[in-house]
Amino acid sequence: QVQLVESGGGLVQAGGSLRLSCAISRNISSFNVMAWYGQAPGKQREWAAQLTHDDSTNNADSGKGRFTISRENAKNTVALQMNSLKPEDTAVYYCKIVFTGSLRSYWGQGTQVTVSP
């Protein structure tokens, strides 16, 4: 069973930064896609950023120029650097991974990000 554990969330003022990290219990050298999603109160979970096996990255419009997804194979982690945070970024952020040759998505339990005005 693959486990994902997010960390790095917290309370920050608007304009501040946070770095989220997701530790994965399996070697991530062979993966199809890794991604971060945010779920604001009362809303559906929404895609925020993704990293594919060829190291291509993509961001949702809401995070372009502010959020950066990256991986560190040696530590089996994927990170989300969040800069210039806005109150509307407030959400629980989840990481997801799909390994090569599988259609199954593995999710973490989420980490809360709260941005005050």
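Above this text is the structure in question.
Cut-off values and rules
- Residues numbered from 1 in each chain as written.
- Predicted model: local features only at pLDDT ≥ 70, side-chain atom pairs only at ≥ 80, totals over all residues.
- Heavy atoms only, no water.
- Helix = DSSP H or I, 4+ residues; strand = E, 2+ residues; numbered from the N terminus.
- Rg over C-alpha atoms; globule rule 2.2 N^0.38 Å.
- Buried < 20%, exposed > 50% of the residue type's maximum accessible area, 1.4 Å probe, protein only.
- Contact = heavy atoms within 4.5 Å.
- Areas by Shrake-Rupley, 256 points an atom, 1.4 Å probe, with all protein chains shown as cover.
- Core = buried A, V, L, I, M, F, W, Y, C linked by side-chain atoms within 4.5 Å.
- Salt bridge = Lys/Arg side-chain N within 4 Å of Asp/Glu carboxyl O.
- Polar contact = N/O pair within 3.5 Å; in protein donor to acceptor, adjacent residues only side chain to side chain.
- Phe/Tyr/Trp six-rings, centres within 6.5 Å; stacked < 30°, edge-to-face > 60°.
- Lys NZ or Arg CZ within 6 Å of the ring centre and 35° of its normal.
- Pairing = 2+ DSSP bridges.
- Axes fitted to C-alpha atoms, helices over the stretch in contact; angles between N-to-C directions.

Peer 1: What is the right way to read the overall build of the chain from this model?
Peer 2: Counting its regular elements, the chain contains 0 helices and 11 strands. Helices and strands appear in the chain in the N-to-C order β-β-β-β-β-β-β-β-β-β-β. Relative to the 2.2 N^0.38 estimate, which gives 13 Å for 117 residues, the radius of gyration of the chain is 13 Å and therefore close to what a compact globule would have. Here the chain, with 117 residues, has 43% of them falling under the buried criterion. For the chain, restricting intrachain contacts to residue pairs at least 6 apart in sequence, the fraction spanning at least 24 positions comes to 54%. In the form shown here, the chain has an accessible surface area of approximately 6,300 Å², with 45% of it arising from carbon and sulfur atoms.

Peer 1: Looking at this structure, how should I read the environment of Leu 20?
Peer 2: Following the sequence through the fold, Leu 20 ends up in strand S3 (residues 18-24). In sequence terms Leu 20 and Lys 86 are 66 residues apart; their C-alpha atoms lie 16 Å from each other. Not counting chain neighbours up to four residues away, the residues in contact with Leu 20 comprise Ser 7, Gly 8, Gly 9, Trp 36, Val 78, Ala 79, Leu 80, Met 82, Tyr 93, Thr 111 and Val 113.

Peer 1: Sorry, what's going on with the nonpolar core here?
Peer 2: General note: in soluble globular proteins, nonpolar side chains tend to be found buried as a group. Core analysis: the biggest nonpolar cluster contains 27 residues, and Ile 24, Trp 36, Leu 80, Tyr 93 and Ile 97 have the highest contact counts within it. Residue assignment for this core shows that the elements contributing at least two residues are S3, strand S4 (31-39), strand S5 (46-52), strand S7 (67-72), strand S8 (77-82), strand S9 (91-99) and strand S11 (111-116). Looking at this core, the element that brings in the most residues is S9, giving 5 residues.

Peer 1: Could you clarify how one ought to interpret the pattern of salt bridges in this entry?
Peer 2: For side chains bearing opposite charge, pairing can occur when the charged atoms are close. Tallied over the entire structure, the rule returns 4 salt bridges. Linking Arg 66 and Asp 89 is a salt bridge whose minimum nitrogen-to-oxygen distance equals 2.7 Å. Of this pair, Arg 66 sits in the loop between strand S6 (57-59) and S7 while Asp 89 sits in the loop between S8 and S9, placing them 23 residues apart in sequence. According to the relative accessible area criterion, Asp 89 is buried, its value standing at 7%.

Peer 1: Honestly, the side chain of Asp 89 in this entry has me stumped. Any pointers?
Peer 2: Here the side chain of Asp 89 touches Arg 66 through a polar contact of 2.7 Å, side chain to side chain. Excluding anything up to four places from it in sequence, Asp 89 contacts Arg 66, Phe 67, Ser 84, Val 113 and Val 115.

Peer 1: Just to check I follow, could you spell out the packing of aromatic side chains for this structure?
Peer 2: Given two aromatic rings, one states the distance between the centres and the angle between the planes to describe the pair. Applying the stated criterion across every chain yields a total of 2 aromatic pairs. Each ring, one from Phe 99 and one from Tyr 106, has its centre 6.0 Å from the other, and the planes form 70 degrees; the classification is edge-to-face. Of the two residues, Phe 99 and Tyr 106, neither departs from the other in class, the shared state being buried. A cation over a ring is seen here: Arg 26 above Phe 99, with NZ or CZ 4.6 Å from the ring centre. Directly above the aromatic system of Tyr 94 lies the positively charged group of Arg 45, at a separation of 3.6 Å from the ring centroid.

Peer 1: Would you mind showing me how to read the sheet that holds S8 here?
Peer 2: Strand pairing in a sheet relies on backbone hydrogen bonds. The paired strands run either parallel or antiparallel. If you walk across this open sheet you meet the 4 strands as S1-S3-S8-S7, and the pairing is antiparallel. Among the strands making up the open sheet, the edge pair consists of strand S1 (4-7) and S7. Strand-to-strand, the axes of this sheet are offset by a mean angle of 15 degrees, without reference to chain direction. Here S1 runs beside S3; their pairing, made up of 4 bridges, is antiparallel. Within S3, the residue paired with Val 5 across the bridge is Ala 23.

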